[in-house]
Amino acid sequence: MTSRRKTAGSKSRTLLWKPTLGNHAGPLYRTIAAALKSDIAEGRLHAGDRLPTQRELADALGVSLGTVTRAYQEAERQGLISSRVGRGTFVSTPSTSDVLGLPDSRLIEMSVDLPVHQEDPDLALALQKIARGRGVPRLLRYHDHAGTARHRRAGAAWAERFGVEASPDDVIVCAGTQHALCVSLMAIAEPGDIILCDSLTYPGMRAICHQLRLRLEGLPMKQGALDPSAVEAACKKRRVRALYCIPSLHNPTTGRLGDRKRRALARIAEKHDFWILEDDVHRLMSHEPAPPIATRAPDRTFFIASFSKAVTGGLRVAFLVPPASHLPAVTDAVWATIWMVPTLAVEVAATWIEDGTADEVVARKRAEASRRQERCASILTSARYDSQPSGYYTWLHLPAPWTSAGFARAARKMGVAVSPSGAFLVGSSPPPPAVRVCLGAAESGDEMARGLEILAELLRTGPIPERAAIM
């Protein structure tokens, strides 16, 4: 429960936050920290909010000051809050470098999901081809919010590569998958609505739901993928507005949904009247994926065909195929957020789709990803990890006593960046002992191999106990 009081001259909200504890198992301070994490994840607390002092919260809960002190210390250790001397305690702003992933040139980069840039297409050739065309001046003008007719035709052709048949009128051009997810939710959800997802999921969805004040709830997973029975159980308890899923090559676990489970999700969505956001970002790298959910429930599914992950990320282009009933609402959301996607970037994507370059690049990147997966298997011979034959990353399970955060810190000290499981966690469950290791981010296969050899050595030696400070 929260209430607010305004502070003159400050943009931060000061909250009289009082968590609902209920029945709890384990130490009370951990229960308070878990409640704080849950309220942040569900949008009741926002980055920059000022929390009550430790004494104020202790008095409000009727617990000892020491209990609240330990709770705040635990929350700060998890990166949920930060204390500023003389100012108070604040909800932390998520670090984009840790959560959303930005390359770090000082490290062997294996934390960011990048699509093997050494196989990127030749941008200069595409620009030369575009420059010779007659319609170049029109690229500098305003166009329809949903995209030009030509670009929507290219988007429909690209969606077919993902197994979705669509006419150009069914397609909306978006500035990457992140933007497509955002405008989809803007079209269907209101603040406070519940959006379901896996307990481990793409961090960008957490960021969107936080900004739109939506309640993102993680569900138990089965074999690294979404469990339809968990979706059904959640819908029986509360009103669900939408389900977000990554069915072909899950991020971060690499799991995939078979056709039977996809059909089940389509039936559950119809039964309980919710929408499906199908993020098939890595479908073209997945191993024999089942038909998209959108082919089973086209009237309930927002399907996203990514160009960024399949071809190259810098253009920021994705093609969204929403239910026909929501085409106007999504178009309005594009207008509200960006007016229209910059046409030069989409023109490059459309050119590559039309002349076959995009398909050639996908084939090359898929082959290189396969080679890197094979090399990974030859190095991590004694490790347990999940992967797909042509996937851009692996999900590395850690032996005891490693923790996910501890392993990521140790790897960084050795010069390798990997993503801890906590970066993908939705809910208050402890982060599993695993890390995502991106094989496509390194500039070359040899650089990737050096990074994997360092990780393999860490797995062999185990964590080095931290020595107590000498007082």
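The preceding data block contains the structure.
Within each chain, residue numbers correspond to sequence positions counted from 1 in written order. Reporting in this predicted model follows two pLDDT cut-offs: at least 70 for local features of residues, and 80 or more for side-chain atom pairs to be given and counted; totals over whole chains, interfaces and linings ignore these cut-offs and use all residues. Just so you know, side-chain values use all the structure's heavy atoms and leave hydrogens and water out.

Draft legend 1. Layout of the overall build of the chain. Helix and strand content of the chain: 15 helices and 20 strands. Just to be clear, the radius of gyration here is over C-alpha atoms, and the globule rule we use is 2.2 Å times residues to the power 0.38. Since a compact globule built from 471 residues should have a radius of gyration of about 23 Å, the 23 Å found for the chain is in line with a globular shape. For every residue, the accessible area (1.4 Å probe, protein chains only) is compared with the maximum for its type, and the residue is labelled buried under 20%, exposed over 50%, or partly exposed between those bounds. Within the chain, the fraction of its 471 residues that count as buried is 55%. When contacts within the chain are restricted to residue pairs at least 6 apart in sequence, those whose partners lie at least 24 apart make up 71%. Of the accessible surface of the chain, which amounts to about 21,700 Å², a share of 53% is contributed by carbon and sulfur atoms. We score Asp and Glu as negative and Lys and Arg as positive, and we do not count His or the chain ends. Think of each charge as sitting on NZ of Lys, CZ of Arg, CG of Asp or CD of Glu. Side-chain charges of the chain comprise 60 positive and 48 negative groups, with the mean position of each set lying 5 Å from the other. Helix and strand assignments follow DSSP, with helices taken as H or I runs no shorter than four residues and strands as E runs no shorter than two, numbered in order from the N terminus. By definition, residues are in contact when any of their heavy atoms lie within 4.5 Å. In these tables, accessible area is a Shrake-Rupley quantity obtained with a 1.4 Å probe, and a residue counts as shielded only by the protein chains included in the view.

Draft legend 2. Inspection of unusual backbone geometry at higher detail. A cis geometry characterises the amide bond from Asn251 onward to Pro252, with omega recorded as 20°. Tracing the chain through its elements places Pro252 in the loop between β12 (242-245) and α10 (259-272). Note the cis peptide between Ala400 and Pro401, where omega equals 5°. Relative to the helices and strands, Pro401 resides in the loop between β17 (393-397) and α14 (404-413). Backbone geometry at Glu288 places phi at a positive 50°, although glycine is not the residue there. Inspection of the secondary structure puts Glu288 in the loop between β13 (275-279) and β14 (301-306). Residue classification places Glu288 among the exposed positions, given a relative accessible area of 66%.

Draft legend 3. How the structure looks around the sheet that holds strand β15 (residues 318-321). In spatial order, the strands read β7-β15-β14-β13-β12-β8-β9; together these seven strands make up an open sheet with mixed pairing. In this open sheet, the two edge strands, each paired with only one partner strand, are β7 (172-174) and β9 (215-219). Averaged over neighbouring strand pairs, the angle between their axes works out to 25° when direction is ignored. Two strands form a pair only when DSSP identifies at least two bridges running between them. Where β13 meets β14, four bridges bridge the pair, whose relative direction is parallel. Here the axes come from fitting lines to C-alpha atoms, over the contacting stretch only for helices, and the angles between their N-to-C directions go from 0 to 180 degrees.

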